Amino acid sequence: MAELRISTQARTGRKRVRAAVIAVAFGLALSGCTESFRDHGFIPPQEELDAITIGQDTRDSLGQTLGRPAGEGVIGETTWFYSQYRVRSHAWRAPEIVTRDIVAVSFADNGTVSNVETYTLADGQIVDISRRVTESSIREVSIFRQVMGNFGRINVGELVNANN
């Protein structure tokens, strides 16, 4: 009878361990199905953007109140760009940008704010990036070939007149 109890207890223990392993595996499988979010960037709060006075605020005053942005215009400092976006990720899908907000602060030639614009993900356009490689016009030419190629370009008359 004692042997029967031990084997029954052992089977019950194995069933509990098996059930626990299945529960953990099921939990891990479900956790892979959940989505996760990551936030990137910074845009100033709307109250601070509303406080900007066009024609009076300058780069220095905005730098003190809003902070300098991560991005500026390509040519000079004509525009400051503040951007913020949220990315959703699933275990088996590629990450997807869910929201994107961009605030563009433009400056006039005298350094004062000329315009403040806000763009969202709906305002964006998809741009195809070309992966073409520009061929180089430089050929591998030996030093001897370069020197010999320049003999036809030398004007002896200019060399003689230059020494006089």
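Residues numbered from 1 in each chain as written. Predicted model: local features only at pLDDT ≥ 70, side-chain atom pairs only at ≥ 80, totals over all residues. Heavy atoms only, no water.

## Considerations on the overall build of the chain
Looking only at helices and strands, one finds 5 helices and 5 strands in the chain. Counting from the amino terminus, the chain carries its helices and strands in the arrangement α-β-α-α-β-β-β-β-α-α. A burial count over the chain gives 14% of its 164 residues as buried. Residue pairs at least 24 apart in sequence account for 47% of intrachain contacts in the chain once pairs closer than 6 positions are excluded. Of the roughly 13,600 Å² that the chain leaves accessible, carbon and sulfur atoms contribute 55%. (Helix = DSSP H or I, 4+ residues; strand = E, 2+ residues; numbered from the N terminus. Buried < 20%, exposed > 50% of the residue type's maximum accessible area, 1.4 Å probe, protein only. Contact = heavy atoms within 4.5 Å. Areas by Shrake-Rupley, 256 points an atom, 1.4 Å probe, with all protein chains shown as cover.)

## Brief notes about the pairing of strand 5 (residues 113–120)
Across 7 bridges, the pairing between strand 4 (residues 96–107) and strand 5 is antiparallel. Within the sheet, the bridge partner assigned to Phe 107 lies in strand 5 and is Val 113. Between strand 4 and strand 5, which pair antiparallel one after the other, the connecting turn spans 5 residues, and Gly 111 there sits at a positive phi close to 95°. (Pairing = 2+ DSSP bridges.)

## What to know about a nonpolar patch on the surface
Where nonpolar side chains cluster on the molecular surface, the patch consists of Tyr 85, Ile 97 and Leu 121 and spans about 210 Å² of accessible area. Position of Leu 121 relative to the elements: it lies in the loop between strand 5 and helix 4 (143–150). (Patch = residues over 30% accessible without salt bridge, like charges linked within 9 Å, V, L, I, M, F, W, Y side chains within 5 Å. Salt bridge = Lys/Arg side-chain N within 4 Å of Asp/Glu carboxyl O.)

## Remarks on the environment of Trp 80
By the element assignment, Trp 80 lies in strand 3 (residues 79–89). Look at Trp 80 and you get buried, because its relative accessible area is 0%. Considered as a pair, Trp 80 and Ala 70 are 10 residues apart in the sequence and their alpha carbons are 8.3 Å apart.

## A word on the nonpolar core
Among the nonpolar cores identified, the biggest contains 11 residues, and these are Ile 43, Leu 49, Ile 52, Leu 62, Leu 66, Trp 80, Tyr 82, Val 103, Val 105, Phe 107 and Val 113. At the level of secondary structure, the elements contributing two or more residues to this core comprise strand 3 and strand 4. With 3 residues, strand 4 is the largest single contributor of residues to this core. Ile 43 has contacts with Tyr 82, Ser 83, Gln 84, Asp 101 and Val 103, leaving out every residue within four places of it along the chain. (Core = buried A, V, L, I, M, F, W, Y, C linked by side-chain atoms within 4.5 Å.)

## Points about the pattern of salt bridges
Summed over all chains, the structure comprises 3 salt bridges. Between Arg 88 and Glu 35 there is a salt bridge, and its shortest N-O distance comes to 3.9 Å. One end of the pair, Arg 88, is in strand 3; the other, Glu 35, is in the loop between helix 1 (2–33) and strand 1 (36–41), with 53 residues separating them in the sequence. We classify Glu 35 as partly exposed; its relative accessible area is 37%. For Arg 88, the salt bridge identified is with Glu 96, shortest N-O distance 2.8 Å. By sharing partners, the salt bridges in this structure join Glu 35, Arg 88 and Glu 96 into a single network.

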